Every structure is written in structure tokens, then in C-alpha cells.
Amino acid sequence: MTADPAWFADRARLEDGNWLFATYVFETEREPREAAADLCREQSTAQWARPGVTEDFRPRHGAKVVALRTLRSSPAPLHPSPFDGPGPFATAEVVVALPAGNFGANFGMLLTTLLGEGTFFTPGIATIRLTDLQVPDAYANRFPGPQFGVEGLRASFGVKARPFLFGVVKPNVGLDPASFAALAEAAWRGGLDACKDDEQLADAVWSPLAERARLCGEARRRAEAETGEKKIYVSNITDEIARLRPHHDAALAGGANTLMLNALPLGLPAARYVREWARVPLLAHFDMVASVSRAPGFGVESAVLTLLQRMAGFDIILFPGLGARMRSTEAEVRANIEACRRPLGTLRAALPVPGGSSVPGDLAGIRALVGGPDFGAVAGRAVFGHARGAAAGAAELRAAADAVAGQACAF
């Protein structure tokens, strides 16, 4: 069987403003060129003409293979499953051009195209992973992007020439609002810029969002008066969509000045909806990212999800960082950092925050990866589990941040 040439194109002949370029690595028992052609068919027109009608929707609506290379050939699959045939197997990398007109500036339809049924059930493709997404400026500009970005965050909160310091108040589940606010106040006084709700804490019976925001707002203002620095309380408003606006209003009325959303569980369309009317910075937590990015050879690289969260409008993006707990490689962390700041139309750069219970000794390594101080560090137990209390833990983290602020850029 010969691959239909209608599914192939010279990238230089495509109008870049009308096409997104998605890179996949897939494993197949078929000839890779045929499998890649079928991937394009499944991601776009599928049946491209009606019986008895002279038409062909592929020139306008068909996805196109613009690059293809075989990475490996083997008698056995890298990632075996009960549905594999006798082989042999090829692992290939393909760049697929996707016509933006098929899905528009619509996160639901974009994700359906990139990571939907057509992608993962292409005949003969055993495993597939989305490894990169190149978005043209004209398409990126149809999304809101960060409202503040790194420069706006620094201007709003007065954090200059050093990393932003976030603390996740611990214990993360079970604290009453008064105890939560007391811990936050101690950490702010010790030197943290921001105290935040944990991703597992939103509007809970034992800690109603409105009450927690009110007490944290009072504590934040006291800490600001004592330290002479602006402080940030990050309220997690994740909930059913109908509850987002009321939670936003209650959090800000109480004293929150940044909002957190569990971006993927909530959904990027819902996050974009909040961005349209929120007037404070938005922080994205990385829940669910590992469930679709960690399995080798399957799913999507976490940096692609970071890029999409930036497009949705998040100013601050947490993603899995270095260390045994997060199980992320240096290359993965660097790719996420670049997804926060690489040129993307007129969209502002987001603040990258490699997550995973940072300790003071981590900051120099993160700075080296970033190539400067434009990042955030987020600590939990290093501050709130400190033997001498949250203020002492925060002071140690702040000392580390001040130290790396003066380091020369290694790049």
C-alpha cells in the first residue's frame, strides 16, 4: 500500500499563519509514511468526499505531513500491549500541519484535534506522544494570554531582581481559617512573597473560602505594615463552573490578590472564562499533568500543556520540577520554562514555577536553568514544617533568594 500524496505538503508552501505544527513520536507496525498519512486523515477530514459527488476537502481542511523520520526499527515494540501484532516495529517522528480553520480559537476543539480519538486510535499506531506544538502568532493572538506576565507581576508586587517566593500553607487539609491565616502571617513576616492554598483546598466545610480569605486578607495587611513589602495571598477558587464567579468575588472581597485554578481538572475553556473578567493575576496548578505526560511513549509532553495554559491566560504556571519526587528530567523542566517565555505573538511571558517542595538549596539550580531570576520557587514543608517555625523557614528561603539574585547569568 502506498501513502496517498494528498496528505503530504512542503512546509514552506503553507501559509504559516493558518497552520499549527504538532510534533508526534509514534510506534507502528506499518510503513511509517502510511501510518503518518492515516494520522493526518484521522485528525482532520477522515472521509474526505461523499460517494457520487466530485469533491475533495483535503486541500483546505486536510492535515498534512510536513516532516517525517524513522528513529528506530525493531522486531519488538518499545511499549508492548496485548493488541500488538507480530511486528517488526518502527518508531517515527512526524510533524503534522493542522489547519487552524478546522478548530478555531477554541480550546475544546483544539485539544480534540491534538489529543483526541483520531490521534490515539489511528489504525496501526500502537503508541503516540505529542512532543511539541508550534503556534503561529496570528493564532496565538486570538487567545488572551497572561494579563500581567512577569513584568506586570514585578510591578504590581514590588519583587525586583530576585525570584518570587511562594509557600503552600501546611497542613494542606484540615486547618481552620484562623490557624491557616496565622501560619501565613508568620511566613509573610519571615520573608515569603506569597502564601497559597493547597491544590486540595478550595471551599471546604472546615475552611470556607470566604472566611479563610477574610482572615488571610487581614493577616496579609498586618504583614505588609510590619515588613514594608507587598504580600500575596493566593486563593484557590477551583469548583464547578457556576461557582467560579461567586468564589472570585468572595476571595477578592476578603483580601486575596491572586487566584489559583487547578487548570486541567477545571478545564482550559473554564480557565479562559475566568481570565476574561478577573482583574488579578492567575496561577495554574499542575494537577493531572502527570497522568497524561509521565507514561513513556504515550500522551503529551508537559511543556505543551504549559504552553496551552499560558495561552489561556495564566500569569504564573506551576509545573513538575527537578528531584526524585517530581521525576522530571532537566530537559523537561527547561522545556517548561521555555514554554512560559518563548515568543508567542503578543502574549506576555508567564512566570515559571518548577514545583515539588522546594528547599533553599534548590534556588541556585533553578536559576541556572532559567538563566536569571525570573522564576518562582514554591515551598511547603521547608517553611511550614521548619523546626523553628514558619517565620524561620521563610527567612532561610528568602536568604537563598537574595543570594541567587546577585549571581551572574551562566548563559
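Structural notes, computed from the coordinates.

Here we look at the overall build of the chain
Here is step 1 of the chain: Across its full length, the chain carries 17 helices and 13 strands.
Here is step 2 of the chain: Taken along its principal axes, the extent of the C-alpha atoms in the chain is 75 × 40 × 40 Å.
Here is step 3 of the chain: Per-residue burial over the chain gives 54% buried out of 411 residues.
Here is step 4 of the chain: In the chain, the proportion of contacts linking residues at least 24 apart, taken out of those at least 6 apart, comes to 76%.
Here is step 5 of the chain: Summing over all exposed atoms, the chain offers an accessible surface of approximately 17100 Å²; the carbon and sulfur share of this is 55%.

Quick look at empty space enclosed by the protein
Here is step 1 of the chain: All chains considered together, the criterion is met by one cavity of 30 Å³ or more.
Here is step 2 of the chain: In this model, the largest cavity occupies a volume close to 40 Å³.
Here is step 3 of the chain: Elements supplying a minimum of two residues to the lining of the largest cavity: helix H6 (149–157) and strand S5 (164–168).
Here is step 4 of the chain: Residues belonging to the lining of the largest cavity are distributed by class as follows: seven nonpolar, one polar and no charged.

Quick look at the sheet that holds strand S13 (residues 376–379)
Here is step 1 of the chain: Read from one edge to the other, the open sheet built from eight strands follows the order S12-S11-S9-S8-S7-S6-S5-S13, with strand pairing classed as parallel. Both edges of this open sheet fall to strand S12 (351–355) and S13, since each of them pairs with a single strand only. Adjacent strand axes in the sheet meet at a mean angle of 25°, parallel and antiparallel pairs treated alike.
Here is step 2 of the chain: Sheet topology note: the S5/strand S6 (residues 194–196) ladder contains three bridges and is parallel. What sits directly across from Val-168, in S6, is Lys-196.

What about the packing of aromatic side chains?
Any aromatic ring pair is given by two values, namely how distant the centres are and how the planes are angled relative to each other.
Here is step 1 of the chain: Summed over the entire model, instances satisfying the criterion amount to six aromatic pairs.
Here is step 2 of the chain: In this structure an aromatic cluster arises from ring pairing among Phe-103, Phe-107, Tyr-139 and Phe-143.
Here is step 3 of the chain: Its guanidinium or amino end placed over the ring of Trp-7, Arg-58 lies 5.5 Å from that ring's centre, counting from NZ or CZ.
Here is step 4 of the chain: The side chain of Arg-58 reaches across the aromatic face of Trp-48, ending 3.6 Å from its centre.

What to know about the pattern of salt bridges
Here is step 1 of the chain: For the coordinates displayed, the defined rule picks out 29 salt bridges.
Here is step 2 of the chain: With its nearest N and O atoms 2.9 Å apart, the salt bridge here joins Glu-229 to Lys-231.
Here is step 3 of the chain: With relative accessibility at 27%, the residue Glu-229 sits in the partly exposed group.
Here is step 4 of the chain: On the accessibility criterion, Lys-231 (0% relative accessible area) is buried.
Here is step 5 of the chain: The closest approach of N and O atoms between Glu-330 and Arg-334, which form a salt bridge, is 3.2 Å. Placement of both Glu-330 and Arg-334 in helix H14 (residues 330–341) is noted, with a separation of four residues, approximately one turn of the helix.

So, the layout of surface pockets
Here is step 1 of the chain: Taken as a whole, the largest pocket spans an internal volume of roughly 300 Å³.
Here is step 2 of the chain: Looking at side-chain class alone, the lining of the largest pocket contains six nonpolar, seven polar and seven charged residues.

Here's the deal with the sheet that holds strand S4 (residues 125–134)
Here is step 1 of the chain: Judged by pairing direction, the sheet is mixed, and its five strands sit side by side in the order S2-S3-S1-S4-S10 without closing on themselves. Of all strands in the sheet, those with a lone pairing partner are strand S2 (64–74) and strand S10 (299–300), marking the two edges.
Here is step 2 of the chain: In this structure, strand S1 (residues 19–28) lies alongside strand S3 (residues 89–99), joined through 10 bridges in antiparallel fashion. Following the sheet pairing, Trp-19 is matched in S3 by Pro-99.
Here is step 3 of the chain: Packed on one face of the sheet, helix H1 (residues 32–42) meets S1, S2, S3 and S4 and runs near 135° to S2.
Here is step 4 of the chain: Along the sheet face, helix H3 (residues 107–115) touches S1, S3, S4 and S10 and points at about 35° away from the line of S1.

Some points on the nonpolar core
Here is step 1 of the chain: With 65 residues, the main nonpolar core has Tyr-24, Leu-133, Val-135, Tyr-139, Phe-166 and Met-311 as its most contacted residues.
Here is step 2 of the chain: For this core, the leading source of residues is helix H13 (residues 302–312), giving seven residues.
Here is step 3 of the chain: In this structure, Val-169, Trp-188, Leu-261 and Ala-278 belong to the second largest nonpolar core, which totals 57 residues.

Reading the values: the criteria
- Residues numbered from 1 in each chain as written.
- Predicted model: local features only at pLDDT ≥ 70, side-chain atom pairs only at ≥ 80, totals over all residues.
- Heavy atoms only, no water.
- Helix = DSSP H or I, 4+ residues; strand = E, 2+ residues; numbered from the N terminus.
- Buried < 20%, exposed > 50% of the residue type's maximum accessible area, 1.4 Å probe, protein only.
- Contact = heavy atoms within 4.5 Å.
- Areas by Shrake-Rupley, 256 points an atom, 1.4 Å probe, with all protein chains shown as cover.
- 1 Å grid on protein atoms, 1.4 Å probe; cavity = no way out; pocket = protein on both sides within 12 Å on 5 of 7 lines; lining within 4 Å.
- Points joined across faces, edges and corners; volume = space filled by probe spheres on them.
- Nonpolar A, V, L, I, M, F, W, Y, C, P; charged D, E, K, R; others polar.
- Pairing = 2+ DSSP bridges.
- Axes fitted to C-alpha atoms, helices over the stretch in contact; angles between N-to-C directions.
- Phe/Tyr/Trp six-rings, centres within 6.5 Å; stacked < 30°, edge-to-face > 60°.
- Lys NZ or Arg CZ within 6 Å of the ring centre and 35° of its normal.
- Salt bridge = Lys/Arg side-chain N within 4 Å of Asp/Glu carboxyl O.
- Core = buried A, V, L, I, M, F, W, Y, C linked by side-chain atoms within 4.5 Å.

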